[in-house]
Amino acid sequence: MTDCASAQVIYLGGLGRSGTTLLERLLGELPGVVPLGEVVHLWDRGVLAEELCGCGSAFPACPFWRQVGERAFGGWRNELAERMILLRGRIDRTRRIARIEHPDLAEYTRAYRRLYDAAGAPVVIDSSKHASLACCLLASGVDLRVVHVVRDPRAVAHSWGRTVPRPEDGRPMTRWGPARTALHWSAQNAALELLPGRGARVTRVRYEDLLARPGETLRALAVRLGLPEPELPFLEGRTAWLGPSHTASGNPMRFHVGRVELRRDDSWRSALPDAHRRVVNALTWPLRARYGYWGVVR
């Protein structure tokens, strides 16, 4: 085990249903880049609940994660997972970003540093999304490059309102109403806006731009992240070919292998009720304007 994290970490931040899983899968096809999924949920959903890895194996049976656990901690233990969940509740909270210091911060972030390093890759992706975890990692000295992923809040509200079955057991994933989604969208994006003030290198990517120009957007992002400019052999126009990945937690797309059409989901334009649209517009307008979401997105 080691306390020294040599891996560069690409941290995908934003609210769920904003395209972070898709971006993680695409970046994960680049040479030397290993996507890990939503590591913040690994402790409860992977170690304790034994949910499926992105490769389709149960977390404890996945050879990749078994090796990571051995390298980082001498094996996965319930006691470690329970401790990390406890520490997360004490430290890793959006409301604490203004004052993230805590006596247990070093212990909490040390586990992440060991895990990233144990993945055995020069660059890893953590799509945990939460600005608070990024703030914790920055305070601990992790080599972190933050990608702030945004999507039109009206599309995000429509997505959160739909019924999406969990691939693990078929149960519906969490649903939110328009007001709750709008408040979380504003809070999470506002929190991510604070990270440059903490010394973070932050690059913003809009979901709509990624889907409109996937090759151009990925190349530009790779350069901003300090990666070699990629050739992108897995992209053919707006078609991507994805290999298997070992992502812990996330939406159902993390299990997809093979061809995927990169087409924007704009069903919200006709399906989102006018009353819901007005609520979302009212609660998100300052940041919505900042990100270019005035009226209809082109």
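Residues numbered from 1 in each chain as written. Predicted model: local features only at pLDDT ≥ 70, side-chain atom pairs only at ≥ 80, totals over all residues. Heavy atoms only, no water.

**As for helix H4 (residues 78–91)**
Inference 1: Taking 1.5 Å of rise per residue, 14 residues should cover 20 Å, and H4 covers 20 Å from first to last C-alpha, within 8% of that figure.
Inference 2: If you follow the buried residues of H4, they end up packed against helix H2 (42–48), helix H3 (63–73), helix H5 (105–118) and helix H6 (131–139). (Helix = DSSP H or I, 4+ residues; strand = E, 2+ residues; numbered from the N terminus. Expected span 1.5 Å × (residues − 1). Contact = heavy atoms within 4.5 Å.)

**Thoughts on the sheet that holds strand S8 (residues 258–261)**
Inference 1: Pairing in this open sheet of three strands is antiparallel, and the strands run S6-S7-S8 from one edge to the other. Of all the strands in the sheet, the pair left with one neighbour each is strand S6 (235–236) and S8.
Inference 2: With two bridges joining them, S6 and strand S7 (residues 239–242) adopt antiparallel strand pairing. Bridging across to S7, Glu236 finds its partner in Thr239. (Pairing = 2+ DSSP bridges.)

**Here we look at the environment of Leu26**
Inference 1: Its place among the elements puts Leu26 in helix H1 (residues 20–27).
Inference 2: Exposure remark for Leu26: the relative accessible area of 0% places this residue in the buried category.
Inference 3: Filtering out sequence-adjacent residues up to four positions away, Leu26 remains in contact with Leu210, Leu218, Phe234, Ala240 and Leu242. (Buried < 20%, exposed > 50% of the residue type's maximum accessible area, 1.4 Å probe, protein only.)

**What about the nonpolar core?**
Inference 1: Counting residues in each nonpolar core, the largest one holds 49 residues, and the members touching the most others are Trp43, Trp65, Tyr112, Leu115 and Tyr116.
Inference 2: Secondary-structure elements contributing two or more residues to this core are strand S1 (8–13), H2, H3, H4, H5, H6, strand S4 (144–150) and helix H8 (178–193).
Inference 3: When near neighbours in sequence (up to four residues on either side) are disregarded, Leu115 contacts Leu36, Val39, Leu42, Trp43, Trp65, Val68, Ala72, Phe73 and Trp76.
Inference 4: With 28 residues, the next largest nonpolar core counts Leu22, Val33, Leu218 and Leu235 among its residues. (Core = buried A, V, L, I, M, F, W, Y, C linked by side-chain atoms within 4.5 Å.)

**As for the packing of aromatic side chains**
Inference 1: Taken as a whole, this structure holds twelve aromatic pairs when the rule is applied.
Inference 2: Where Phe64 meets Trp65, the ring centres are 5.1 Å apart and the plane angle is 80 degrees; that geometry is what we call edge-to-face. The same class applies to Phe64 and to Trp65, which are both buried.
Inference 3: The interplanar angle of 55 degrees and the centroid separation of 6.4 Å between the aromatic rings of Trp65 and Trp76 together place this pair among those described as tilted. Highlighted residues: Trp65 in helix H3 and Trp76 in the loop between H3 and H4, separated in sequence by eleven residues.
Inference 4: Here Trp65 falls in the buried class, since its relative accessible area comes to 0%.
Inference 5: With a relative accessible area of 22%, Trp76 lands in the partly exposed category.
Inference 6: Among the aromatic residues, ring-to-ring pairing joins Trp43, Phe59, Phe64, Trp65, Phe73, Trp76, Tyr108, Tyr112 and Tyr116 into one connected group.
Inference 7: If you follow Arg17 out to its NZ or CZ, it ends over the ring of Trp160, 4.4 Å from the centre. (Phe/Tyr/Trp six-rings, centres within 6.5 Å; stacked < 30°, edge-to-face > 60°. Lys NZ or Arg CZ within 6 Å of the ring centre and 35° of its normal.)

**Structural notes on the confidence of the model for the protein chain**
Inference 1: Taken as a whole, the protein chain shows an average pLDDT of 94; of its residues, 96% reach a score of 70 or greater.
Inference 2: pLDDT under 50 marks residues 1–5. Its contacts with residues more than four places away, or in other chains, come to 14 contacts. (pLDDT = per-residue confidence, 0-100.)

**As for the sheet that holds strand S2 (residues 33–35)**
Inference 1: The five strands lie next to each other as S2-S3-S1-S4-S5, forming an open sheet whose pairing is parallel. Of all the strands in the sheet, the pair left with one neighbour each is S2 and strand S5 (201–206). With direction set aside, neighbouring strand axes in the sheet form an average angle of 25 degrees.
Inference 2: Summarising the sheet, S4 and S5 pair through six bridges and their orientation is parallel. If you follow Val146 over to S5, its bridge partner there is Val202. (Axes fitted to C-alpha atoms, helices over the stretch in contact; angles between N-to-C directions.)

**Considering H5**
Inference 1: The end-to-end C-alpha distance of H5 is 20 Å, a good match for the 20 Å that 14 residues give at a rise of 1.5 Å each.
Inference 2: Most of H5 sits inside the fold, with ten of its 14 residues counted as buried.
Inference 3: Every buried residue belonging to H5 is among Leu105, Tyr108, Thr109, Ala111, Tyr112, Arg113, Arg114, Leu115, Tyr116 and Ala118, and all of these are buried.
Inference 4: Looking at the packing, one finds that the buried side of H5 touches S1, H2, H3, H4, strand S3 (123–129) and H6.
Inference 5: Within two residues after H5, Gly120 carries a phi angle of roughly 75 degrees, on the positive side.

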